[in-house]
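Topology and contacts: notes
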2 protein chains.
Amino acid sequence: MIDPAVLDSRNARARAWFDALRDRIVAAFEQLEIDAPAELFPGEPAKFELKPWVREAGGGGVMGFLRGGRFIEKMGCHISLVHGTFTPEMAANMPGADKDPRFTATGISLIAHMRSPKVPAVHMNTRFLATQTGWFGGGADLTPTLDSQRSQEAPDAVTFHAALKGACDKHDPAWYPDFKARCDEYFYLPHRKEPRGIGGIFYDHHNSGDWERDFQFTQDVGEAFLDVYPRIARGRMHEPWTEADRREQLIRRGRYVEFNLLYDRGTMFGLKTGGNIESILSSMPPEVIWP
Amino acid sequence: MIDPAVLDSRNARARAWFDALRDRIVAAFEQLEIDAPAELFPGEPAKFELKPWVREAGGGGVMGFLRGGRFIEKMGCHISLVHGTFTPEMAANMPGADKDPRFTATGISLIAHMRSPKVPAVHMNTRFLATQTGWFGGGADLTPTLDSQRSQEAPDAVTFHAALKGACDKHDPAWYPDFKARCDEYFYLPHRKEPRGIGGIFYDHHNSGDWERDFQFTQDVGEAFLDVYPRIARGRMHEPWTEADRREQLIRRGRYVEFNLLYDRGTMFGLKTGGNIESILSSMPPEVIWP
């Protein structure tokens, strides 16, 4: 059982980290908007809109939206610190919730859909959840929209995986293969028999017994994401695309929608239990086709 | 318990009805493609493509697709006659399947997404399902995409409801209010607190004890649909629309996707149990935005 004062301090530190990471992500992605070449991406660079929200059942956060950008077609980056009481059904499946169903959770979640089919979509989400015990969870995964970029050997895939491996290996060389496998297993569309993207890492119920170490790991995942994704996006920023590429991207986005609404536990759970619709559904791609 | 020879005969008659209805639907919708005015709907009229499919677990059917039409943007109209064995979990919830989990099912399902935002999308589906007992189920519902057409008092809603009421009232005046209420309850998005469209009728486990009467009712529902929807579509065929109307339509289609992937039992069941992806997902709208 966590001492309440210790829990308060941990939540405050985790939330402060997520806030600071969000600020740096906003700055980095707004810079991408500014730096994208005008001949491929006409118009004015877009900026994030930050919007506080209050959760009726306790807590709240700040939603961040970038819509209709010239380089970033749609992006959400949200922070939350919420508290509440699990229903008996949920408590039964949550470590440390069997005697006392109260919980706190703080985290950051991000999804970016890019205008160019050459630039992969990306998702990152990390969180600290506490009941009478506590753990970190989250990960990051990359979704290139063109088949030619969707192998494990594709340059962006290699770059993305290397960055996340670096974050894991600083802590334990056994983590990366485990978390990569869990990501591949999770971001998979059984009805299509195909992966959502090229993967990344996914971890949950992560509690090594050393909170400081686990918090540092989640920070390292955030740092790795912030380092690697803008590098990948910049590397593709000057590449033109064809109508056929755009069509392939819009079809691929349909698979993204199918995954999020049919299988994503966070989305389904949030939508069916009165979560914040605006932030949950900000993951939906801006434009999609099912021809 | 149904005598096997009787069941075979009922399945054959139901399947023959669904086949004949499909042929008439195909003819009626291809005529809409032909008759739509060229100034609003440029290009050549599209035709249906019929494509047989075989179900690995037993049976099969014929899928019908109309894609990229000038008036009908995307439409699927599928026939099936399948047989198999329910899993124990499913058998537990199916009348007549507790002692013998074998089943047969034959039906027609249709979804049409129209190019003009002024012309509502529509769904119709009827089926005959048999275990050791048997019943009909299905219905039809209308989804206008513009807010101005989405009230119960809107002319198309009034027309659509009147036609289905006519089909019900021929059999029992108590049915229509019941089946309309079930439709409103089923085609509802709790996370949006909004209906999918303006409703229609929805019935299931429909077995009055008189198979001929129940079969006649399902035929009357098909006839009502075939009469009323083309009338509604023709009534709007000459109305121009604005960019803002099209945008509203594409956003509304996003809600249609959300409903089908989050809540529609048929879609979720089919996708998660190895159904025919191509026909199940032909319900997805051709172009969608989540701005």
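Here's a quick rundown of the structure.

How each quantity is defined
Residues numbered from 1 in each chain as written. Chains lettered and ligands numbered in written order. Predicted model: local features only at pLDDT ≥ 70, side-chain atom pairs only at ≥ 80, totals over all residues. Heavy atoms only, no water. Phe/Tyr/Trp six-rings, centres within 6.5 Å; stacked < 30°, edge-to-face > 60°. Helix = DSSP H or I, 4+ residues; strand = E, 2+ residues; numbered from the N terminus. Buried < 20%, exposed > 50% of the residue type's maximum accessible area, 1.4 Å probe, protein only. Pairing = 2+ DSSP bridges. Axes fitted to C-alpha atoms, helices over the stretch in contact; angles between N-to-C directions. Contact = heavy atoms within 4.5 Å.

We now examine the packing of aromatic side chains. Tallied over the entire structure, the rule returns 44 aromatic pairs over all chains. Ring centres of F41 of chain A and W241 of chain A lie 5.5 Å apart, and the angle between their planes is 40 degrees; on these two criteria the pair is classed as tilted. Remark: W241 of chain A occurs in the loop between α5 (211–236) and α6 (243–262) and F41 of chain A occurs in the loop between α1 (4–35) and β1 (49–54); sequence separation between them is 200 residues. The buried category is assigned to F41 of chain A, whose relative accessible area is 1%. Owing to a relative accessible area of 26%, W241 of chain A belongs among the partly exposed residues under this scheme. Both rings, one in Y186 of chain B and one in F202 of chain B, keep their centres 4.6 Å apart while their planes meet at 10 degrees; by these two values the pair is stacked.

All names here are of chain B. The phi dihedral of K193 is positive, around 50 degrees, even though this residue is not glycine. Along the chain, K193 turns up in the loop between β7 (188–189) and β8 (194–195). Its identity is not glycine, yet H205 carries a phi of approximately 50 degrees, on the positive side. Mapped onto the secondary structure, H205 falls in strand β9 (residues 199–206).

Strand pairing in a sheet relies on backbone hydrogen bonds, with the paired strands running either antiparallel or parallel. All names here are of chain A. Ordered by their spatial adjacency, 7 strands build an open sheet running β1-β2-β3-β4-β5-β6-β9, and the pairing between neighbours is antiparallel. Among the strands making up the open sheet, the edge pair consists of β1 and β9 (199–206). Strand after strand, the sheet turns through a mean of 10 degrees between neighbouring axes, direction not considered. In this sheet, strand β6 (residues 134–143) lies alongside strand β5 (residues 121–130) in antiparallel orientation, the contact comprising 10 bridges. Bridged to N125 within β6 is G139. Packed onto the sheet, helix α3 (residues 155–169) meets β5, β6 and β9 and runs at close to 25 degrees relative to β9. The sheet contacts of α6 involve β3 (72–85), β4 (102–114), β5 and β6, and relative to β4 the element is tilted by about 165 degrees.

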